[in-house]
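Listed below, chain by chain, are the residues.
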Amino acid sequence: MQSRSFPQHLLYGGDYNPEQWLDSPEILRQDVALMQQARINTVTLGVFSWAELEPNEGEYHFGWLRAIIDDLFENGIRTILATPSGARPRWLAEAYPEVLRTGEDRQRMLYGERHNHCYTSPVYREKVGLLNRRLAQEFGNHPAVILWHISNEYGGECHCDLCQNAFRDWLRRRYTDISALNKAWWTAFWSHTYTSFDQIESPSSRGDTGLLGLNLDWKRFVTAQTRDFLRAEAAALRSAGARQPTTTNFMEDYTGLNYYELAQEVDYVSWDSYPRWHCGDDIATALDTALQHDMMRGLKEKPWLLMESSPSAVNWHEISRLKKPGVLIGSALQAVAHGADSAQFFQIRQGRGGFEKFHGAVIDHYGGSDTRVFREAASAGKLLEELSAKTQIVTSHVEAPAALLYDMESRWALEGSQGPRNEGLFYRETLRKVYSALRRCRLNVDVRSAQSIRDAQGLSRYQLLAAPMLYMFREGFAEILRTYVQHGGTLVTGYLSGVADETDLCWLGGTPHGLLDVLGLRTEEIDALPDGRKNLLLPCKAAVWPKADYTCEHLCELVRLGDAVPLLTYGRDFYQGSAAVTFHSYGSGQAYYVGADAEQAMYDDLFELIAAKLAIPRLLEEMPDGLLVSSRRSESAEYVFVQNFSPEPKILQIPEDARLLYGEATLRPYSSVILERPN
Ligand code: GAL
């Protein structure tokens, strides 16, 4: 077990915006007292403070920030300090219009909003770099500042001339000569052949949107440019002597960037979690959040930070529902259960005006501790403090016997294609179905970017590997999967996998590319069903399956069987009776193929059958339906978190080898239990 110097206890607190209250010292004093009462030990400062830090070009004011950081520190509260590049002051845009973003229609934006800047602009990079260096000189060795929060939720894209040139240069480096690019982008189609890199323009509704290779590479470029900007921000901090680790905060299911790439530039991954509680099925919401937590952990394969979450309502949701009693604590514990070393909120104090004045906060407009939300925040603070003090949670890690692969570039290419279903391919939903089924088997799950898998060795710790809808197989990737299965691994893949290469050119000679003998089949055609239309999946051996039939929708792939064994066949249409879900032994391992977008119950039953067959040890031998379980392991013990995100009470059988650390075996709605099991 690797020892860690950061953090030394679970971080608890959130975004704090004192720059909105500098004329109210009594409020700032009150905040510190209330934070202490809520056991808040960490705040994030400076995310949107540029206008206060540099009110005019080159005129820096750090005194106010230092006073606040010092004051908080004296009262036991440490600071995560942001670089303020997420929103720029007016003077910057007025003096240097190039810092403003240009849309795909080639129109430059006006000053406004946040995150509205060009990541290529040399002026923007210079001004951010100068301010970052000054911040690092001021606070780079300050004992209260424990982490750099670089920018805020990087995102969006710019199509200005500077970006166009940078894109062309990026393509020159990638392809070297234009004929290689023409081949990769298949430009002979519609006579779009380029004769020079200088002819290339980013995708635009006024130009090309249908050149799929261009679209894909443009997305890659946007990620590369944002990554480069992030790298430059971090380098500026380091060059001025900042020694603290770095992070940047990510968003849920954001498809504008490939986070796997950005994560390489920071020491810790963090993300901002805003689930839509109580608008539908809360268990599904909890599972979706769990999936995102595990995805974030997988980016660096180490503990991560929950950087933002709402203490209650989220004002930018369509409907701002209150978190029901228990959900604040449950959400904090869920993050910790999935490997977070923090539970941070947006925001500590609610602003009086502006866009977020109705957003949930630990301290609301009333301003006291006598509120439902404050009381719950204080209970969560106490609990996290106790966990840090009495357990080894902070040095523990999540260990998973199963992994789920996803791939942002694959998703871009797949969702950017025309056909087989332009009204939705349901990639994220399919990941969620597989993930939910694995969780229902009471297993920890690693969610890994396929890009992070460099060799079969990297997969050898997994007994079970799921790779649904993995459209893009990069050169050599099939070999990795083959070796994994050959050496005893169990692979579950399925429709629309291994279809195209890294440049989105379809593989020839049968798909899933390179795995025909591993799977014992090849795909032939894929049928897309209109919304609401379903097919049936019928068990070949009724005794094996808990249900007599399952439904599937959206996509039904037709396969040509080699020596794979059909497990389920289609129940309707001209392909009635043909294989839909199959099994095949290969080497010392096994490979399953799921050919259709099956209902959740099929995935649940299939993974239960596989987990039982492989005798994968479960976190709990038994658990009532609707509870979620996840665990972390330290040198001495395993901490098992069992959570009830449903409105019904549930009764948990506490295993004999475990001790109840927190909670009650009768789990009230939205309550949690933590068990400790010695190793
Ligand atoms: C986040 C953002 C915060 C705040 C929050 C409100 O996306 O990083 O600054 O706006 O949303 O939910």
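Bear in mind the structure is a predicted one, so any value in this text is a computation, not a measurement.

Caption draft 1: Spotlight on the site of the ligand. Close contacts around the ligand come from F48, R114, N152, E153, D272, Y274, E308, W316, F346, E356 and H359, and that covers them all. R114 is positioned such that a nitrogen or oxygen atom in its side chain is 2.9 Å from an oxygen atom of the ligand. Between E308 and the ligand, the recorded distance is 2.8 Å, taken from a side-chain N or O atom to an oxygen atom. When isolated, the ligand has an accessible area of 310 Å², and the protein chains bury 96% of it. Considering only residue class, the shell around the ligand consists of four nonpolar, two polar and five charged.

Caption draft 2: Up close: the sheet that holds strand β20 (residues 627–633). Taken in spatial order, the four strands make up an open sheet running β20-β21-β25-β23, and their pairing is antiparallel. Both outer strands of the open sheet, β20 and β23 (659–662), are each paired with one neighbouring strand and no more. The average undirected angle you get between the axes of adjacent strands in this sheet is 30°. Pairing geometry for β20 and strand β21 (residues 637–644), over seven bridges, is antiparallel. When the bridges of β21 are listed, L627 appears paired with N644. Sitting on the sheet, helix α11 (residues 327–337) touches β20, β21, β23 and β25 (672–678), and the angle it makes with β21 is about 145°.

Caption draft 3: The packing of helix α14 (residues 427–440) against helix α17 (residues 600–614), seen in detail. In contact at an axis separation of 8 Å, α14 and α17 are set at 40° when each is read in the N-to-C sense. Classified by the angle between their axes, α14 and α17 sit oblique to one another. Here α14 runs over α17; the crossing is right-handed. Residue-level contacts link T430, R432, K433, V434, S436, A437, L438 and R440 of α14 to Q600, Y603, D604 and F607 of α17. Here the contact of α14 with α17 is composed, by residue class, of five nonpolar, three polar and four charged.

Caption draft 4: Representation of the confidence of the model for the protein chain in the model. For the protein chain, per-residue confidence averages 97 on the pLDDT scale, and residues scoring 70 or more make up 99% of the total. Taking the mean pLDDT of every element in the protein chain, the minimum, 97, falls on helix α4 (residues 90–95) and the maximum, 99, on strand β12 (residues 490–494).

Caption draft 5: Molecular detail of helix α13 (residues 408–416). Counting buried positions along α13 gives seven out of nine residues, so the element sits mostly inside the fold. Every buried residue belonging to α13 is among M408, E409, S410, R411, W412, A413 and L414, and all of these are buried. Packed against the buried residues of α13 are α8 (212–239), β9 (402–406) and α14.

The rules behind the values
Residues numbered from 1 in each chain as written. Predicted model: local features only at pLDDT ≥ 70, side-chain atom pairs only at ≥ 80, totals over all residues. Heavy atoms only, no water. Near = heavy atom within 4 Å. Polar contact = N/O pair within 3.5 Å; in protein donor to acceptor, adjacent residues only side chain to side chain. Areas by Shrake-Rupley, 256 points an atom, 1.4 Å probe, with all protein chains shown as cover. Nonpolar A, V, L, I, M, F, W, Y, C, P; charged D, E, K, R; others polar. Pairing = 2+ DSSP bridges. Helix = DSSP H or I, 4+ residues; strand = E, 2+ residues; numbered from the N terminus. Axes fitted to C-alpha atoms, helices over the stretch in contact; angles between N-to-C directions. Contact = heavy atoms within 4.5 Å. Parallel < 35°, antiparallel > 145°, perpendicular 65-115°, else oblique. Left-handed = near helix turned anticlockwise from the far one by under 90°. pLDDT = per-residue confidence, 0-100. Buried < 20%, exposed > 50% of the residue type's maximum accessible area, 1.4 Å probe, protein only.

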